[in-house]
Amino acid sequence: MLELLKDLWDFMRVRKKYWMAPIFMIVLLLGGLMVLAKGSAVAPFIYTLF
C-alpha cells in the first residue's frame, strides 16, 4: 500500500500533476469512512456478490 502511494506521489511530482493530490486524499478518506461505517455502507456491495 505504501509503495502504491509512493508511486502516485512520484508520478505527480515528475509530471507536475499536483492538482491530483486532493482528489486522491478525498478518495482515501471516503474509503476509510466506508470501512469504519461498521459494514452498513458495505453491506449492499457484499449482498450482490452472494
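For the structure, see preceding data.
Keep in mind it's a predicted model, so treat the numbers as computed, not measured.

For the protein chain, the helix and strand inventory stands at three helices and zero strands. Ordered by position from N to C terminus, the α and β elements of the protein chain give α-α-α. Taking all 50 residues of the protein chain together, the buried fraction comes to 6%. With an accessible surface of roughly 4700 Å², the protein chain has 77% of that area assigned to carbon and sulfur atoms.

For the coordinates displayed, the defined rule picks out one aromatic pair. Note on W9 and Y18: the rings are 6.1 Å apart at their centroids and 50° apart in plane angle, and the pair reads as tilted. Since its relative accessible area comes to 42%, W9 is described here as partly exposed. By relative accessible area, Y18 is classed as partly exposed at 42%.

Criteria and thresholds
Residues numbered from 1 in each chain as written. Predicted model: local features only at pLDDT ≥ 70, side-chain atom pairs only at ≥ 80, totals over all residues. Heavy atoms only, no water. Helix = DSSP H or I, 4+ residues; strand = E, 2+ residues; numbered from the N terminus. Buried < 20%, exposed > 50% of the residue type's maximum accessible area, 1.4 Å probe, protein only. Areas by Shrake-Rupley, 256 points an atom, 1.4 Å probe, with all protein chains shown as cover. Phe/Tyr/Trp six-rings, centres within 6.5 Å; stacked < 30°, edge-to-face > 60°.

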